[in-house]
Amino acid sequence: MTLPSPTIEPRHFRDVMGHLPTGVVVVAGREPATGSPAGLVVGTFQSLSLDPPLVSFSVATTSSSWPKIRAAGYFSASVLADGQHDVCGAMSSKQGDKFAAVDWHGSADGNPLIAGAHAWIDCRTVQELEGGDHVIVLAEVRRLDAGGGEPLVFHRGRLGGYRELRV
C-alpha cells in the first residue's frame, strides 16, 4: 500500500528547514573562456567521505553562476568567517562582478579563495545528481586548510556567529 504524498507548502518547508543552522560557503571558480572569477553562496556544503576525501553541496538549477564554474571542472570552497557578512552579500547578489569589492587570491589550482575565510577547500567536480529543483554536486578534495576564528552561520533567515553553549 502506498500512502499519498502530503502537500507541503514551499514557504513552510523553507521556514521549518531554516531552523537548522548551516555554514556559509562561497563556491568559486574561473570561467574557462575568460578566466574571470565566478562564485555563489551555498548553505549545504558538507563532508561526504573520508576515503576518498569527498564533499558535496547543492545548487539551484536556475543558478546563473554554477554553469560558469562547472565548465572548468574545478572550484574552491571558502567557509566564511564570522564578520564576513559583506562578502556573503556580494557573493549572493545578482551583480555582474561579484568579486569587485571582495578581497581574494588564487589557490594552487587558480580558483578564487576569499581572504580571511575560516577554512578553504580546493575541489574537482566528479559527479552531479538531479535533486528536484537543485543539482547535487559531488567533488574530490584536492587540498584544504583552516584558519582561526569562528564561522559565519545562517539560521532562521539571519547571519550570525557561532557561540559555544555550555551545559
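So, a few notes on the structure that sits alongside this text. (Residues numbered from 1 in each chain as written. Predicted model: local features only at pLDDT ≥ 70, side-chain atom pairs only at ≥ 80, totals over all residues. Heavy atoms only, no water.)

## Quick look at the overall build of the protein chain
- What the protein chain contains, in helices and strands, is 3 helices and 12 strands.
- Taking 15 Å as the expected radius of gyration for a compact globule of 167 residues, we find that the protein chain reaches 17 Å, a close match to that expectation.
- Dimensions of the protein chain, computed from the C-alpha atoms along their principal axes, are close to 55 × 40 × 40 Å.
- Classification of the 167 residues of the protein chain by burial places 35% in the buried group.
- Put simply, 62% of the contacts in the protein chain that link residues at least 6 apart link residues at least 24 apart.
- Accessible surface computed for the protein chain: about 10200 Å², of which carbon and sulfur atoms make up 54%.
- Averaging the coordinates of the 14 positive side-chain charges in the protein chain and doing the same for the 17 negative ones gives two points 4 Å apart. (Helix = DSSP H or I, 4+ residues; strand = E, 2+ residues; numbered from the N terminus. Rg over C-alpha atoms; globule rule 2.2 N^0.38 Å. Buried < 20%, exposed > 50% of the residue type's maximum accessible area, 1.4 Å probe, protein only. Contact = heavy atoms within 4.5 Å. Areas by Shrake-Rupley, 256 points an atom, 1.4 Å probe, with all protein chains shown as cover. Lys, Arg positive; Asp, Glu negative; His and termini not counted. Charge placed at Lys NZ, Arg CZ, Asp CG, Glu CD.)

## Describing the pattern of salt bridges
- This structure, assessed with the given rule, holds 6 salt bridges.
- For the salt bridge of E128 with R70, the shortest nitrogen-to-oxygen distance reads 2.8 Å. Of this pair, E128 sits in strand 9 (residues 119–131) while R70 sits in helix 2 (residues 66–70), and the two are 58 residues apart along the sequence.
- Its relative accessible area of 35% is what places R70 among the partly exposed residues.
- The salt bridge involving R142 is made with D109; its shortest N-O contact spans 2.6 Å. Residue R142 is located in strand 10 (residues 134–146), and its partner D109 is located in the loop between strand 7 (104–106) and strand 8 (112–114); the two are separated by 33 residues in the primary sequence.
- The class for D109 is partly exposed, based on a relative accessible area of 27%.
- Through salt bridges with shared partners, one network takes in D109, D122, R142 and R143. (Salt bridge = Lys/Arg side-chain N within 4 Å of Asp/Glu carboxyl O.)

## What about the pairing of strand 3 (residues 37–42)?
- The pairing of strand 2 (residues 25–30) with strand 3 spans 6 bridges and is classified as antiparallel. Looking at strand 3, one finds that A28 is bridged to G39.
- As consecutive antiparallel partners, strand 2 and strand 3 are separated by 6 residues, and within that stretch G35 has a phi angle of approximately 80°, a positive value. (Pairing = 2+ DSSP bridges.)

## A short note on the sheet that holds strand 12 (residues 158–161)
- The strand order 1-11-12 describes an open sheet built from 3 strands, whose pairing is antiparallel. Of all strands in the sheet, those bounded by a partner on one side alone are strand 1 (22–23) and strand 12.
- Where strand 11 (residues 152–155) meets strand 12, 4 bridges bridge the pair, whose relative direction is antiparallel. Of the residues in strand 12, the one forming a bridge with L152 is G161.

## Comments concerning the side chain of T125
- Mapping T125 onto the fold places it in strand 9.
- Setting aside anything within four residues of it in sequence, one finds T125 in contact with W66, G73, F75, V137, L138 and A139.

## Some remarks on the packing of aromatic side chains
- The full count for this structure, using the stated rule, is 5 aromatic pairs.
- Measuring from ring centre to ring centre gives 6.2 Å for F45 and F57, while their planes differ by 20°; the resulting arrangement is stacked. Residue F45 is located in the loop between strand 3 and strand 4 (46–49), and its partner F57 is located in strand 5 (residues 54–60); the two are separated by 12 residues in the primary sequence.
- By relative accessible area, which is 2% here, F57 ends up buried.
- Relative to F75, the ring of F57 lies with its centre 5.5 Å away and its plane at 80°, an arrangement referred to as edge-to-face. With F57 in strand 5 and F75 in strand 6 (residues 74–79), the pair connects residues that are 18 residues apart, well separated along the chain. There is no split in this pair, since F57 and F75 are both buried.
- Linked through ring pairs, F45, F57, W66 and F75 together constitute an aromatic cluster. (Phe/Tyr/Trp six-rings, centres within 6.5 Å; stacked < 30°, edge-to-face > 60°.)

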